[in-house]
Amino acid sequence: MRTAVYPGSFDPITMGHMNIIERAAKVFDEVIIAVLVNSSKNPLFTIQERVEMVKQATSKIPHVKVETFSGLLVKYLEEKNINVIIKGLRAVTDFEYEYSMALMNKKLNHNIETFFMITEDKYAFLSSSKIKEIYRLGGRAPELLPDNIERILIEKIESAWK
C-alpha cells in the first residue's frame, strides 16, 4: 500500500489544498493530511478546529485520513513508517523553498521522497493567509473555500473582533 503525507497548517483549508488532496488521492492508496502544530506560528484556528475543517472538507474523498503532528516532519514519517511527502506548488518561489526542504528531509532520512504537485492555474495565487486577509477586511471569496468553510471563517473572524 502506497501512503503519502500531505503536511500543512490548513489555517483554513482552501480550494488550492483541496485540488492537491483530490489529485493525490487518485495517485496514492492512502493520503494522510497531517495538520501541523507549529508553536512559531500564530494560527487563527486552534488545531482541533483546523482538523475538523479538514475532515469536513475531505469527508467524501476516499482513502484520506486527517491527523496532527508537531515537531520534525521526518520524525513523524518515521513513526508512521511512511516515506512519501506531498507538497503543492503554486509558483517558482514555492519550488525554491520546498526544494530546499526536500533536500533537508532527504539528508535527515535518505528514504524520504517528496512528491511535488503543481496546483491548477486557477488556484496558483491562493493561500490561507490571503484568504484570511480578504475576510478580515470584509471581502468574500466563497469559490476559493470548500463548502461550509466560509461560514466557519466568518464566525471565527467576527468572534475574534468582539
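Residues numbered from 1 in each chain as written. Predicted model: local features only at pLDDT ≥ 70, side-chain atom pairs only at ≥ 80, totals over all residues. Heavy atoms only, no water.

For the protein chain, the helix and strand inventory stands at 6 helices and 5 strands. The N-to-C order of helical and strand elements in the protein chain reads β-α-β-α-β-α-β-α-β-α-α. Expected size for 162 residues packed as a compact globule is a radius of gyration near 15 Å; at 16 Å, the protein chain falls within 12% of this value. Counting only C-alpha atoms, the protein chain reaches 50 × 30 × 30 Å along its principal axes. (Helix = DSSP H or I, 4+ residues; strand = E, 2+ residues; numbered from the N terminus. Rg over C-alpha atoms; globule rule 2.2 N^0.38 Å.)

Tracing the backbone through its elements, the reader meets Glu30 in strand S2 (residues 30-37). Lacking a salt bridge, the buried Glu30 has Lys65 as its closest oppositely charged neighbour, with an N-O distance of 4.1 Å. Those residues within four positions of Glu30 in sequence are excluded, and the remaining contacts are Met1, Arg2, Thr3, Ala4, His63 and Lys65. (Buried < 20%, exposed > 50% of the residue type's maximum accessible area, 1.4 Å probe, protein only. Lys, Arg positive; Asp, Glu negative; His and termini not counted. Salt bridge = Lys/Arg side-chain N within 4 Å of Asp/Glu carboxyl O. Contact = heavy atoms within 4.5 Å.)

Below, the discussion takes up the pairing of strand S5 (residues 113-118). When strand S4 (residues 84-89) meets S5, the two strands line up parallel, connected through 6 bridges. Across the sheet, the residue bridging to Ile86 is Phe115, located in S5. In terms of handedness, the path from S4 via helix H4 (residues 92-108) over to S5 forms a crossover that is right-handed. (Pairing = 2+ DSSP bridges. Right-handed = clockwise from strand over helix to strand, strands pointing away.)

Generally speaking, a soluble globular protein has its nonpolar side chains buried in company with each other. Membership of the largest hydrophobic core comes to 38 residues, with the highest contact counts inside it found for Ile13, Ile21, Val31, Ile33, Ile86, Tyr135 and Leu153. Contributions of two or more residues to this core are made by strand S1 (3-8), helix H1 (15-27), S2, helix H2 (47-58), strand S3 (64-70), S4, helix H5 (128-136) and helix H6 (149-160). Once residues within four sequence positions are removed from consideration, Ile13 is found in contact with Met18, Ile21, Met53, Val54, Ala57, Leu145, Pro146 and Ile149. Residues Ala34, Leu36, Tyr76 and Ile112 belong to the second largest nonpolar core, which totals 11 residues. (Core = buried A, V, L, I, M, F, W, Y, C linked by side-chain atoms within 4.5 Å.)

Distances and angles like these do not, on their own, reveal function.
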